[in-house]
Amino acid sequence: MADRDTEANRFSARAARYARVGANMGGVAARMAGSRLFGGDDRDAANAAVLAQALGGLKGPIMKVAQLLATIPDLIPPEYAAELQKLQSEAPPMGAAFVKRRMQAELGPQWQSRFGSFDLTPSAAASLGQVHRATTKEGEDIACKLQYPDMQSAVEADLKQLEWVFAVHRRMDPAIDTREIAKEIGERVREELDYEREARHATLYAQALSDVEEVRVPRVHPELSTKRLLSLQWLEGEKILTFTEAPVEIRNRLAVAMFKAWWHPFSHAAVIHGDPHLGNYTVFSEGGEARGINLLDYGCIRIFHPRFVGGVVDLYRGLQTDDRARIVHAYETWGFKSLSNELIDILNIWARFIYAPLLDDRIRTVADGVKPGEYGRRQAFEVHKALKEKGPVTVPREFVFMDRAAVGLGAVFLHLRAELNYHRLFETEIERFSLETLGRRQQEALAAAGLPNPL
């Protein structure tokens, strides 16, 4: 009985979750259908606020899913995206007595004796758990991420709700086939439940970023970690939005650190951090000046087959030289199927938008004169309108978090108003790119971290 998992995917917990989420979502769904959610009208803003209110008190993956939906271009109207992007888990944190019971379940009845100190008041809350500051017996500051109870059941219940939402979407607006998107989100959210896997992700990133001094990765404390408790080195830092009015040299330095934190592991190990949420990193300082970023969360890590990275490079080079055959090869490598000339032209609208800063060999901002609130709006509208006429298109699974990372990273650069030559930064990352070399590096990095090779 000692090995029995009392928090496995349980029907009773799923049923309770269905009731809570379903009751909130039912009224919202009626409004969505009535105003043609995925087409939009003047009532979208009001309905979006109702949706946010319905979700705002629920911990767990429904929050994560909502944020993911908001980052997929034009999947939902901008009013809904704006509300969903604001969502944080506003439900009350677990109280001290509850935390004690949770910690005892993970580390045993004498759990407190394994720490020098443990603050029962959380320092931060997330969609799947909350973070407590503690110290080791040796006095090292650590961050302990403790998962909320019954999250596995909550995940399964919420993903069922997501399937329903996507089914409604396919009937009301078939321009984008969302079935592969749903599969990808489901797989990644399920992975985020496994804190032992997240610990291996952190080890992987420590290796992948070992030669990037502008990015710090916390050490894992495996002796104080379990499947639902993750203890990492505490890295002191400030929120990145604190620096939006800093001198341009500081803002640019932080933007370079962010660029390297995402693109260096991708180009050297075929992995990407799929959640560039503002709460997942802080800024560290030395000598009273901001020097780089602390990368804090490793739940949402996407490990690609090296050929996918090859497709990213091929699309970049194809757009650079207007080589249509190479562009098509890149899309097919990513998993797009049955591409007509019209669909290729539509995909190119979005590709040229995403790649624009990387293709432009000059110092510029990401938006390059476009208002942040309008950034990407025109391209998303054009793509959606064209897909309604020429589509549908099935979005490959691998594309989901790659696109999310690119859009999310762009948003950070917009906040910082960074002025950089993104083209040269990217060229440095893919210099002497070779699929064979990438494959070898990835195998070595994954083996060292105890992670399987991608299929």
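Residues numbered from 1 in each chain as written. Predicted model: local features only at pLDDT ≥ 70, side-chain atom pairs only at ≥ 80, totals over all residues. Heavy atoms only, no water.

- Labelled according to an unreviewed UniProt entry, the protein chain appears under the name AarF/ABC1/UbiB kinase family protein, originating from Microvirga arsenatis.
- Quoted verbatim from the Sequence similarities (unreviewed entry) heading of the UniProt record, the comment on the protein chain is "Belongs to the protein kinase superfamily. ADCK protein kinase family." (UniProt positions renumbered as here; feature names shortened; annotations may be inferred.)

Regarding the pairing of strand β3 (residues 129-135)
For step 1, the next point in the chain: Judged by how many residues are buried, β3 sits mostly within the fold: 6 of 7 residues are covered.
For step 2, the next point in the chain: Of the pairings in the sheet, the one linking strand β1 (residues 117-118) to β3 comprises 2 bridges and is antiparallel in character. Bridge assignment links Phe118 to a residue of β3, and that residue is Ala134.
For step 3, the next point in the chain: Between the end of strand β2 (residues 124-125) and the start of β3, which pair antiparallel, lie 3 residues.
For step 4, the next point in the chain: Here 7 bridges tie β3 to strand β4 (residues 141-147), and the two strands are oriented antiparallel to one another. By the bridge assignment, Thr135 is partnered in β4 with Asp141. (Buried < 20%, exposed > 50% of the residue type's maximum accessible area, 1.4 Å probe, protein only. Helix = DSSP H or I, 4+ residues; strand = E, 2+ residues; numbered from the N terminus. Pairing = 2+ DSSP bridges.)

Some details on the nonpolar core
For step 1, the next point in the chain: With 118 residues, the main nonpolar core has Phe115 and Tyr331 as its most contacted residues.
For step 2, the next point in the chain: Examining the composition of this core, we find that 12 residues originate from one element, helix α9 (residues 248-269), more than from any other. (Core = buried A, V, L, I, M, F, W, Y, C linked by side-chain atoms within 4.5 Å.)

Details of the sheet that holds strand β10 (residues 289-295)
For step 1, the next point in the chain: Taken in spatial order, the 3 strands line up as β6-β10-β9 in an open sheet, and their pairing is mixed. The sheet is open, and its two edges are formed by β6 (215-216) and β9 (281-286), each paired on a single side.
For step 2, the next point in the chain: When β9 meets β10, the two strands line up antiparallel, connected through 6 bridges. Directly across from Ser285, in β10, lies its bridge partner Ala290.
For step 3, the next point in the chain: Here α9 sits on the sheet and contacts β6, β9 and β10; the angle it forms with β10, its principal contact strand, is near 25°. (Contact = heavy atoms within 4.5 Å. Axes fitted to C-alpha atoms, helices over the stretch in contact; angles between N-to-C directions.)

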